[in-house]
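Here is how the chains run, residue by residue.
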Amino acid sequence: VILADIYTKTQNFPKAVFCWEELLITNPNNFLYNLKIAECYYSIGGGENLILARKYYSKSLEQNESCVRAIWGLAEHVENLSQQKRNLKMKLMMI
């Protein structure tokens, strides 16, 4: 857990994801591990990583329905997708 926290705090998200996933293997019902993985993927950004972030936010929320950070993360995810869609429409209109 300490190494995963260090990587997360130093924003070395790919290594942090690896550590959190290893911890998740040992305790698959730990909503916090799913949440940490989701936050790392969201921070990395990009299409595939955002999809993975949504998956882990959703899993965290399944395991703990009152997890405000997971709810907030999903809301941010939806907003991010909406913004990307608006940007794409603007680019297409300029062509």
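What counts as what
- Residues numbered from 1 in each chain as written.
- Predicted model: local features only at pLDDT ≥ 70, side-chain atom pairs only at ≥ 80, totals over all residues.
- Heavy atoms only, no water.
- pLDDT = per-residue confidence, 0-100.
- Helix = DSSP H or I, 4+ residues; strand = E, 2+ residues; numbered from the N terminus.
- Salt bridge = Lys/Arg side-chain N within 4 Å of Asp/Glu carboxyl O.
- Buried < 20%, exposed > 50% of the residue type's maximum accessible area, 1.4 Å probe, protein only.

A. Representation of the confidence of the model for the chain in the model. This prediction gives the chain a mean pLDDT of 94; 100% of its residues lie at or above 70. Within the chain, the element-level pLDDT minimum falls on helix H5 (residues 68-94), averaging 89, and the maximum on helix H2 (residues 13-26), averaging 98.

B. Structural view of the pattern of salt bridges. Applying the stated criterion across every chain, the model contains three salt bridges. Ionic pairing is found between Glu62 and Lys59, a salt bridge with its closest N-O pair at 3.9 Å. In this pair, Glu62 and Lys59 both sit in helix H4 (residues 47-63), three residues apart, roughly one turn of the helix. According to the relative accessible area criterion, Lys59 is partly exposed, its value standing at 36%. Residue Arg86 is joined to Glu79 by a salt bridge in which the shortest nitrogen-to-oxygen separation is 3.1 Å. When its relative accessible area of 40% is taken as the criterion, Arg86 is described as partly exposed.

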